[in-house]
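Descriptive analysis of the structure
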Amino acid sequence: IQLMYKWHLQDPVSQKEIDRNNAIYALQNNRNPFIDHPEYVASVWGCTGLLPVTLVNFTATVTSGNVQLQWLVANEINFSRYEVERSTDGTRFDKAGTIAGSNLGRYTWLDDQLPGSPTTFYRLKMVDHDGTFSYSSTVVVRLTTTANRVLIYPNPTSNAFTLQLNKPLSVNSTLVISDITGRPVISLQVNARQQIIPLTITPLPAGRYIVTLKNSTEFLTAPLVITR
């Protein structure tokens, strides 16, 4: 059953199969329900416990400068956990969070540690108790960035720099400095109405970083190079 279900997912219903199903119905007045409704496979066989959890829906939305993931599931039998994986290039994914399977049906996870990239990719690794797992489809979030609003000087710098905006912040914001892997290394709050923000970064080693300034309506990024 597990192998057949794997094939079912890998070979979705084609137009040729739909046409053949319609032609058969015209001749003998019956249809193949699994062509009309491929989701019936999970509904019929999910109760056996042999199939992985059935993912009904998986979405990502931008909420107050963060990304909120939501997913609907069915048939959580012999199921362990969801591992949220994140990527900035759609190829290399890293685990960003874990949620235990609790037969909730609907799950929510908030990403408030964004990697400072205008485009972020997410997928779910769905793991059974026996260690077998499957992946969801990948969802993409594109944040509206206005990097031209941000000026950093001096850049490169050794221990201090100034971040200047072309207009003052309208609301309180969060400033995050992340390394090239997306890991936050400095996070601080910036008050509204600031336009020139001086910063000292002596503890950070030499390398390339991303400075992110975000609030409920804005997501600003700029590169930073630190030398020693």
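Now for a look at the structure at hand. Owing to the predicted nature of the structure, the values given are computational and were not obtained by experimental measurement. (Residues numbered from 1 in each chain as written. Predicted model: local features only at pLDDT ≥ 70, side-chain atom pairs only at ≥ 80, totals over all residues. Heavy atoms only, no water.)

By the alternation rule, side chains of strand β13 (residues 196–200) split into I197 and L199, which are all buried, and I196, P198 and T200, of which none is buried. Bridging between strand β10 (residues 160–165) and β13 involves five bridges; their strand directions are antiparallel. Bridge pairing in β13 links L163 to I197. (Buried < 20%, exposed > 50% of the residue type's maximum accessible area, 1.4 Å probe, protein only. Helix = DSSP H or I, 4+ residues; strand = E, 2+ residues; numbered from the N terminus. Pairing = 2+ DSSP bridges.)

Turning our eyes to something else, we now look at a nonpolar patch on the surface. Among the surface-exposed residues, I1, F34, Y40, V44 and W45 lie close enough to one another that they form a single nonpolar patch of about 450 Å² accessible area. The biggest single contributor to the nonpolar patch is helix α4 (residues 40–45), with three residues. Mapped onto the secondary structure, W45 falls in helix α4. Of the residues examined, W45 reaches a relative accessible area of 40% and is grouped as partly exposed. (Patch = residues over 30% accessible without salt bridge, like charges linked within 9 Å, V, L, I, M, F, W, Y side chains within 5 Å. Areas by Shrake-Rupley, 256 points an atom, 1.4 Å probe, with all protein chains shown as cover. Salt bridge = Lys/Arg side-chain N within 4 Å of Asp/Glu carboxyl O.)

This part covers the layout of surface pockets. Roughly 390 Å³ of volume is contained in the second largest pocket. Considering the residues around the second largest pocket, the lining is formed by 15 residues, among which M4, Y5, H8, F34 and V41 are closest to the centre. Among the elements of the structure, α1 (2–10), α3 (33–36) and α4 are those that each provide at least two residues to the lining of the second largest pocket. A total of four residues in the lining of the second largest pocket trace back to one element, the largest contributor, which is α1. A class-by-class count of the residues in the lining of the second largest pocket yields 11 nonpolar, two polar and two charged. (1 Å grid on protein atoms, 1.4 Å probe; cavity = no way out; pocket = protein on both sides within 12 Å on 5 of 7 lines; lining within 4 Å. Points joined across faces, edges and corners; volume = space filled by probe spheres on them. Nonpolar A, V, L, I, M, F, W, Y, C, P; charged D, E, K, R; others polar.)

In this section: the pairing of strand β9 (residues 150–153). Side chains V150 and I152 of β9 all project onto a buried face; the interleaved residues L151 and Y153 project onto a face where none is buried. The sheet contact formed by β9 and β10 spans four bridges and is antiparallel. Looking at the pairing, I152 lines up with L163 of β10.

With that settled, consider the environment of E39. Tracing the chain through its elements places E39 in the loop between α3 and α4. In this structure, the C-alpha to C-alpha distance between E39 and L9, residues 30 residues apart in sequence, is 10.0 Å.

For the structure shown, the criterion picks out six salt bridges. The salt bridge involving R86 is made with D111; its shortest N-O contact spans 2.9 Å. Residue R86 is located in strand β3 (residues 79–87), and its partner D111 is located in strand β5 (residues 106–111); the two are separated by 25 residues in the primary sequence. Of the two residues examined, R86 and D111, each falls in the buried class. Of the charged contacts in the structure, one is a salt bridge between R92 and D94, with a shortest N-O distance of 2.7 Å. Judged by its relative accessible area of 54%, R92 falls in the exposed class.

Taken in spatial order, the three strands make up an open sheet running β1-β2-β5, and their pairing is antiparallel. Here the strands that pair on one side only, and so sit at the sheet edges, are β1 (54–63) and β5. Taking each pair of neighbouring strands and ignoring which way they run, the sheet shows an average axis angle of 15°. Pairing geometry for strand β2 (residues 66–74) and β5, over six bridges, is antiparallel. Among the inter-strand pairings, W71 is bridged to a residue of β5, identified as Y107. (Axes fitted to C-alpha atoms, helices over the stretch in contact; angles between N-to-C directions.)

To continue, consider helix α2 (residues 15–28). Its 14 residues place the ends of α2 20 Å apart at the C-alpha level, agreeing with the 20 Å of an ideal helix rising 1.5 Å per residue. Downstream of α2 by a residue or two, N29 has a phi angle that is positive, lying close to 65°. (Expected span 1.5 Å × (residues − 1).)

Ordered by their spatial adjacency, three strands build an open sheet running β9-β10-β13, and the pairing between neighbours is antiparallel. Each of the sheet's edge strands pairs with one partner strand only, and the pair in question is β9 and β13. Averaged over all adjacent pairs, the angle separating strand axes in this sheet is 20°, with direction ignored.

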